[in-house]
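Notes for the structure review
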Amino acid sequence: MAQFFILLGCVLTLFSTLFHVSGSNNNQFCDATNIYGDSGCNVMSSFSSKILIKGGTVVNAHHKEVADVYIEDGTILAVQPNIKVSDDIKVIDATGKFVMPGGIDPHTHLAMEFMGSETIDDFFSGQAAALAGGTTMHIDFVIPVNGSLSAGYEVYVEKAKRSCMDYGFHMAITKWNETVSEEMEIMVKEKGINSFKFFLAYKGSFMVNDEFLMEGLKKCKSLGALAMVHAENGDAVFEGQKRMIELGITGPEGHALSRPPVLEGEATARAIHLASFVNTPLYVVHVMSIDAMDEIARARKSGQRVVGEPVVSGLLLNDSVLWDPDFHFAARYVMSPPIRAAGHGTALQAALAMGVLQLVGTDHCTFNSTQKALGIGDFRKIPNGVNGMEERMHLVWDTMVVSGQISVTDYVRITSTECARIFNIYPRKGAILVGSDADIIILNPNSSFKISSKSHHYRTDTNVYENWKGKGKVEITIAGGMVVWENDELKVMPGAGKYIEMPPFSYLFDGIDKADAKFLSSLRAPVKRSTT
């Protein structure tokens, strides 16, 4: 009996240590994420496994209604008006507010080794920031180790152990051989990865040629996995970089000048044509230019299955910042493809509103000022990437909904539901339906937000949306049935996030086999000919 009480005492002590609410300068989250000041956050989890969200406007991608939402043990159990519960259940009043699925960011790079450095946000700090901004799941890109998919996967499994929200993986393909082909099958059938990214840029490191891309497209089709492309002509970019250096243009503006929109358009068209030749769906990541958007529009109009993903920076920013005389200011905006001239973003917004582009990502890939300074004197050495995981939901609402370009239901579609459908995890994710995961945000359309590097929850010391103000604020985030963001306070726990396996053959593959059969029957070949 004495041993039992000793053991119980140890357990309670451990429990108290793990969930203690400490000052913002001393707790795990603040130490891990914001070393530049008081981030006003705590490390803990909300223990209530039963929550009633009452009186809000519940919004799904194709329907909205005033209803209550009842959550238990991380799952939505009821969505209907006037749900009655006992007094011991946590009740959240959402009257006059929107109750929506948590955001899903399809494009992030956490703890990624790149250009001689490693992104400053890891799977805890980046995810914690995302939760503060209303995103409850993201899909990160696994980078192979010396071309090995399995080795890369194991590295990222280790990196993700401190995750505080749900996540999935895409897999990059950086070279091609029979081993890579075999490993792709393992990733799909055993590891829950249903998408593979091919870089047509970054010559000498990630870039694949057309032969390798073709082999990869064929393999993706056979596995029911979605092929993704970073579409820039890497050979031409390399030439453009040399040209800028020869002209003495070594600052951040040289980055944009060396890889103009025409090179993004060319690579997008090439990838689309090769995907059409193979007859497999294609996903174009971070669409940044009218040139690339036009190619996607043309393909979709012809009936080809092409998904276009703009990112927040491409929708909202323009390249004037790259000509700023302060190197450190200009360098923070260096990403690839580059932020484009004014006009491209407006066109991308219109394409998103009209359905030419389908969902919004961030390409979150943060480096601090010291890391960006590696490129002083040579823009080619500036680590590429900007922030976005924490800001995406607010900025898309302010830019697209408040302006009247899209509806509230469209907002849910482009920030959550369509991503869940494309990567085959709907309706578990991306919906407020009975049986769906309880990943929910409550957005107050009458509240305002302001973005600042002094208050964001990243590790980095800069923010490309510094001092941006707008309407519509995520006041509460619920992830896995737990309240993790409320009253401007984060309550998160390292290791609470789950890896979400994504099965192959999403809706994008429906009917592909019939199209193949139709193509074969149209050939009228081989023709029987006399040999005499």
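Residues numbered from 1 in each chain as written. Predicted model: local features only at pLDDT ≥ 70, side-chain atom pairs only at ≥ 80, totals over all residues. Heavy atoms only, no water.

Details of the side chain of D68
Put simply, the rule is: In DSSP terms, a helix is any run of H or I states spanning at least four residues, a strand is any run of E spanning at least two, and both are numbered starting from the N terminus. We call two N or O atoms a polar contact when they sit within 3.5 Å, provided that within protein one can donate a hydrogen and the other can accept it, with sequence-adjacent residues counted only if both atoms are side-chain atoms.
Following the sequence through the fold, D68 ends up in strand β3 (residues 63-72). Engagement of the side chain of D68 in a polar contact is seen with the backbone nitrogen of G55, the distance being 2.9 Å. At 3.1 Å, the side chain of D68 forms a polar contact with the backbone nitrogen of N82.

Some details on the packing of helix α9 (residues 261-278) against helix α10 (residues 290-301)
Heads up, the condition is: For helices, the axis comes from a line fit to the C-alpha atoms of the stretch in contact; other axes are also lines fit to C-alpha atoms, and the angle between any two N-to-C directions lies between 0 and 180 degrees. Orientation categories follow fixed angle ranges, with anything under 35 degrees roughly parallel, anything over 145 roughly antiparallel, 65 to 115 roughly perpendicular, and all other angles oblique. Take the far helix as the reference: if the near one is turned anticlockwise from it by less than a right angle, the crossing is left-handed, and if turned clockwise, right-handed. Every residue pair with non-hydrogen atoms within 4.5 Å of one another is taken to be in contact. Under the scheme applied here, ten amino acids are nonpolar (Ala, Val, Leu, Ile, Met, Phe, Trp, Tyr, Cys and Pro), four are charged (Asp, Glu, Lys and Arg), and all others, including Gly, are polar.
Relative to each other, α9 and α10 sit at 25°, their axes nearing to 7 Å. One way to sum up the angle between α9 and α10 is to call them roughly parallel. Our pair here, α9 against α10, has a crossing hand that is right-handed. Residue-level inspection shows P261, V262, E264, G265, T268, A269 and I272 of α9 in contact with α10, the latter providing D291, A292, E295, I296 and A299. Of the residues belonging to the contact of α9 with α10, the class tally is seven nonpolar, two polar and three charged.

Considering the UniProt feature "domain: Amidohydrolase-related" (unreviewed entry) in the protein
Using the following cut-off: UniProt positions are given in the numbering used here, feature names are shortened, and annotations may be inferred rather than shown by experiment.
According to UniProt, the positions carrying the feature "domain: Amidohydrolase-related" (unreviewed entry) are residues 98-483. The distance from the first to the last C-alpha atom of residues 98-483 is 16 Å, and the span holds 38% helix and 19% strand.

Focus on the confidence of the model for the protein
Rules: The pLDDT value expresses, per residue, how confident the predictor is, ranging between 0 and 100.
This prediction gives the protein a mean pLDDT of 92; 91% of its residues lie at or above 70. For residues 1-41, every residue scores under 50 in pLDDT, and the model assigns this stretch 59 contacts once sequence neighbours within four places are set aside.

Re the environment of L213
Heads up, the rule is: Relative accessible area decides the class of each residue, using a 1.4 Å probe on protein chains only: under 20% of the type maximum gives buried, over 50% gives exposed, and in between gives partly exposed.
By the element assignment, L213 lies in helix α6 (residues 210-223). According to the relative accessible area criterion, L213 is buried, its value standing at 1%. Along the backbone, L213 and A479 are 266 residues apart, and their C-alpha atoms lie at a distance of 37 Å. Residues within four places of L213 in sequence aside, it is in contact with F198, L200, V208, V229 and L274.

Quick look at the UniProt feature "modified residue: N6-carboxylysine" (unreviewed entry) in the protein
In the numbering used here, UniProt assigns the feature "modified residue: N6-carboxylysine" (unreviewed entry) to K197. Its location among the elements puts K197 in strand β12 (residues 195-199). Not counting residues up to four positions away in its chain, the partners in contact with K197 are H107, H109, F141, M171, A172, I173, M228, H230 and V285.

Here's the deal with the pairing of β12
If a strand is regular, its side chains alternate between the two faces of the sheet. Our working definition: Paired strands, in this sense, are two strands between which DSSP finds at least two bridges. Seen with its strands pointing away from the viewer, a crossover is right-handed if its path from the first strand over the helix to the second goes clockwise.
Counting buried residues in β12 gives five out of five residues, a clear majority hidden from the surface. Neither face of β12 is open: one carries S195, K197 and F199, the other F196 and F198, and all of them are buried. In the sheet, strand β11 (residues 166-173) pairs with β12 via three bridges, with the strands oriented parallel. What sits directly across from M171, in β12, is F196. Assessed by its sense of winding, the connection that carries the chain from β11 through helix α5 (residues 178-190) to β12 is right-handed. Where β12 meets strand β13 (residues 226-230), five bridges bridge the pair, whose relative direction is parallel. Counterpart to K197 in the pairing with β13 is M228. Regarding the hand of the β-α-β motif, the stretch spanning β12, α6 and β13 is right-handed.

Some points on the pairing of β13
Extensive coverage of β13 is indicated by the burial of five of its five residues. Side chains L226, M228 and H230 project from β13 onto one buried face, and the interleaved A227 and V229 project onto a second face that is buried too. The pairing of β13 with strand β14 (residues 282-287) spans three bridges and is classified as parallel. From the neighbouring strand, A227 faces β14, where its bridge partner is L282.

Side note on the sheet that holds β13
Read from one edge to the other, the open sheet built from seven strands follows the order β7-β10-β11-β12-β13-β14-β15, with strand pairing classed as parallel. Strands with a single pairing partner mark the edges of an open sheet, and in this sheet they are β7 (103-108) and β15 (306-310). Each strand of the sheet is rotated relative to its neighbour by a mean of 25°, with strand direction disregarded. Relative to β11, strand β10 (residues 135-142) runs parallel, the two being bridged by six bridges. Across the sheet, residue M137 finds its bridge partner in β11, namely D166. Most of the contacts of helix α16 (residues 408-422) go to β7, to which it runs at about 60°, and overall it touches β7, β10, β13, β14 and β15.

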